[in-house]
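# Summary of structural features
Residues per chain, in single letters:
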Amino acid sequence: MDFEKLGVFYLGKRYDLSARRRTEDLLLYDSRDLVTHAVCVGMTGSGKTGLCLALIEEAAIDGVPAILIDPKGDLGNLLLTFPNLAPADFRPWINEEDAARKNLSPDDYAKQQAETWKKGLAEWGEDGDRIRRLRDAADFAIYTPGSTAGLPVSILRSFAAPPQEVRGDPELLGERVASTATSILTLLAVDADPLQSREHILVSTILAGAWEKGEDLDLAGLIARIQDPGVARIGVVDLESFFPAKDRFALAMRLNNLLAAPGFAAWLEGEPLDAGTLLRTAAGKPRIAILSIAHLSDAERMFFVTLLLNQVLAWMRAQSGTTSLRAILYMDEIAGYFPPVAAPPAKTPLLTLLKQGRAFGLGVVLATQNPVDLDYKGLSNTGTWFLGRLQTERDKARVLEGLEGAAVGGKGFDRGRMEKILAGLGNRVFLLNNVHEDAPETFESRWALSYLRGPLTRPQIKTLMDPRRGAASGAAAPPAAKASAVSPGSAEGGPRPVLPPGLPQAFVPVRGPAGPRLYRPFALAEAEVHFADAKTGVATTERLSRVAPIADPVDWSAASEPDFAIEDLEGEPEAGARFADPGHAAASGARAADSWKKDFATWIYRERTLAIFRSPSAGEASRPGETETDFRARLGQGSREARDAALDTLRAKYAAKQAALQERLRRAQQAVGREKQEATVSGVQTAISVGATVLGALFGRKAISATTINKAATAARSAGRTAKQAGDIGRANETVEAVEQQIHDLDAQVQGELDAARAASDPASEKLETLTLRPKKSDVTVRRVTLVWRADA
């Protein structure tokens, strides 16, 4: 069976409901159809999880990354892939209770499972080589927020200012603020009504005020701002009347108690909660990131899912537009997060993703066994529905309501026919309703490549992730060192020194409670560095600032990036402060400024470089500041778009030829039929069946089996032999055979072009060239040097 087609997912085979059996016709799903999202509904035991995992497997094989939200623990089965299909591979993962119920030893049960999987895969044309291909195509990882069982993930990034794409859209920023505030307060068991809750209004005001300025927040900063929001009024009411200081302190203490709780520390460890990092490795390889939340309480789940969806939304808005599938967001058991009436914090960002994801190539896939808990009005734009066996008539009515609402383009909705089909579905048999196709159809889902052993336990997750835990923890770079050298002078300091003019002075704003301050001096330099390369077309200017301990001369190689905002520097110190002696270099005034500028420019010229990546096959270079991960993702997306465009070109190129040859075949068969009346039926069947192997797959998902073609060829030859026996029809039969040969020749030509497209190199996985650009001396401009005073905490 040839199901390894470009840009299509092999999900199963068509199912004949009237005959109660599956056919040999493949069910191939166009990956681009998924950008209009999908929903999968089916009761327990319907095969819903197996179908959804098969879809994710196909996406991984096609190089499409995915973020999977796993409330039950089933999705970790994607890591249980055993190319050798050996009993020893299955043995650690079997459910020993299942073995006991079947009166089998664990070893015998593992052997049985291995045989079952080997046989099941073979029935569907799959084998260990395809499992190996799945494992090689993507990185698979299980993350456990709030736990160290899997890879830990830190939520601190979730309170950082959203990207400019979000901040520049008032509606999008408002949704982000509201959902984040609601998720925090839900975790504290606070009534989070956005219109009635003063806690919600206060937290939203703090988040909006900081984010509009591009300021990052963390939980500690949020606690401080709850006590001192920095605003005099909320709306038209003064702050103290709206939310007295005593009550604000009580709210801050609740959040502080949560932050101080020993169990909450796990929420702050690990990789940052960043959608781009979750979707691809540092080397740009697609990743299937499974966010397991089965161990969390309901409030913690809602809190985390809301933060994650907001991160995905921010990532999505930073991407370029595309019509090809870029990534998948999948959530198993969506009930409770997308209800028809209530508005939990996760619902708002999820609705936004459903409305806007199509433009950015993000496919959202939602699954549930409780259709009455879904907001079908919110799913009205969902293009694909996978419907399995349902439990109650109420469930069927809700699903039919959703399907009717999703009907678009003037296509009629036959409710009675749909109801009849739903009533006849069995295990692993699904109704596929795709707005991109002419009519719904039924199919049986294929055998999963992964071992579906059921939910993984926390120790099992730990076993899977332990080998890569060290690498994950080492992936996060430590924060840059802060300027903390002690300047010359006594510990007690003295009055502000009088320095000659020529060297500007500035003061880092003082934070925290008032008290005696000791200011220490540092050298601050700011410059612009221009990098240009004619070969790659790179031309960019970098703004550079560094802080270094005072010395004579200043050692700029030991400098660090300032950990304060330069634009916030003040012109005067805090009253009553003391000062450390700046030393000889600073006291020399204008000469010090000239020396700092010269030394800083020399250090930049000698040490500062810009590394860019170049793809030899694509002939493209990375953008300044673009990571290898992002560059590879951009190359991969460009390759995918080019591939999809090539498929469209092939369809347009061969559509007329295919139609003309089919018409010639039909006429030739009619000529044979006229010579022999009883051959008419066979002739018509032959005209319909022949010539649709590769062409059938190219012009639709309906790949016709070899068996059908052989029957058609046999029918044609039979018709020819009968005609010869009857008399003078040799030339008519030769015409039939000649047209058939032309169809097969066209088929071979199309196959050759498809093979060439498949063999084209994938720039997303090639070895990149690293180019190092250095500035010219004339391209280094030191804009300012300043003596910066900073107070001890």
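Please refer to the structure higher up on the page.
Residues numbered from 1 in each chain as written. Predicted model: local features only at pLDDT ≥ 70, side-chain atom pairs only at ≥ 80, totals over all residues. Heavy atoms only, no water.

### Brief notes about the overall build of the chain
Counting its regular elements, the chain contains 24 helices and 23 strands. Contacts in the chain between residues far apart in sequence, at least 24 positions, make up 76% of those at least 6 positions apart. In the structure as shown, the chain presents an accessible area of about 35600 Å², 51% of it carried by carbon and sulfur atoms. (Helix = DSSP H or I, 4+ residues; strand = E, 2+ residues; numbered from the N terminus. Contact = heavy atoms within 4.5 Å. Areas by Shrake-Rupley, 256 points an atom, 1.4 Å probe, with all protein chains shown as cover.)

### Some details on the pattern of salt bridges
Applying the stated criterion across every chain yields a total of 47 salt bridges. Note that Glu-126 is salt-bridged to Arg-446, the shortest N-O span being 3.4 Å. Here Glu-126, found in the loop between helix H4 (106–123) and helix H5 (128–137), pairs with Arg-446, found in the loop between strand E15 (441–445) and helix H17 (458–475); they are 320 residues apart in sequence, far enough to count as distant. The class for Glu-126 is buried, based on a relative accessible area of 4%. When the shortest N-O distance is used, the salt bridge between Arg-132 and Asp-129 registers 3.0 Å. (Salt bridge = Lys/Arg side-chain N within 4 Å of Asp/Glu carboxyl O. Buried < 20%, exposed > 50% of the residue type's maximum accessible area, 1.4 Å probe, protein only.)

### Thoughts on the side chain of Thr-368
Tracing the backbone shows Thr-368 in strand E12 (residues 362–368). Setting aside chain neighbours within four positions, we find Thr-368 in contact with Cys-40, Val-41, Gly-42, Lys-48, Glu-333, Ile-334, Ala-335 and Leu-374.

### Structural notes on the sheet that holds strand E22 (residues 769–773)
Sheet architecture is open: three strands sit in the order E21-E20-E22, paired in antiparallel fashion. Only two strands of the sheet have a single partner each, and these edge strands are strand E21 (620–621) and E22. Bridge count between strand E20 (residues 610–615) and E21: two bridges; the pairing is antiparallel. Along E21, the bridge assignment pairs Arg-614 with Ala-621. (Pairing = 2+ DSSP bridges.)

### Topic: empty space enclosed by the protein
Within the structure shown, the criterion is met by three cavities of 30 Å³ or more. Considering only enclosed or pocket space, the second largest cavity measures out at about 40 Å³ in volume. Its residues placed into classes, the lining of the second largest cavity shows seven nonpolar, no polar and no charged. (1 Å grid on protein atoms, 1.4 Å probe; cavity = no way out; pocket = protein on both sides within 12 Å on 5 of 7 lines; lining within 4 Å. Points joined across faces, edges and corners; volume = space filled by probe spheres on them. Nonpolar A, V, L, I, M, F, W, Y, C, P; charged D, E, K, R; others polar.)

### A closer look at the packing of aromatic side chains
Tallying each qualifying case throughout the model produces 18 aromatic pairs. Residues Trp-117 and Tyr-451 carry aromatic rings whose centres are separated by 5.2 Å and whose planes lie at 85 degrees to one another, so their mutual orientation is edge-to-face. Remark: Tyr-451 occurs in the loop between E15 and H17 and Trp-117 occurs in helix H4; sequence separation between them is 334 residues. This pair shows no difference in class: Trp-117 is buried, exactly as Tyr-451 is. Ring centres of Phe-386 and Phe-443 lie 6.3 Å apart, and the angle between their planes is 75 degrees; on these two criteria the pair is classed as edge-to-face. Note that Phe-386 is positioned in strand E13 (residues 384–387) and Phe-443 in strand E15, a separation of 57 residues in sequence. (Phe/Tyr/Trp six-rings, centres within 6.5 Å; stacked < 30°, edge-to-face > 60°.)

### What to know about helix H13 (residues 298–317)
The end-to-end C-alpha distance of H13 is 29 Å, a good match for the 28 Å that 20 residues give at a rise of 1.5 Å each. Counting buried positions along H13 gives 16 out of 20 residues, so the element sits mostly inside the fold. (Expected span 1.5 Å × (residues − 1).)

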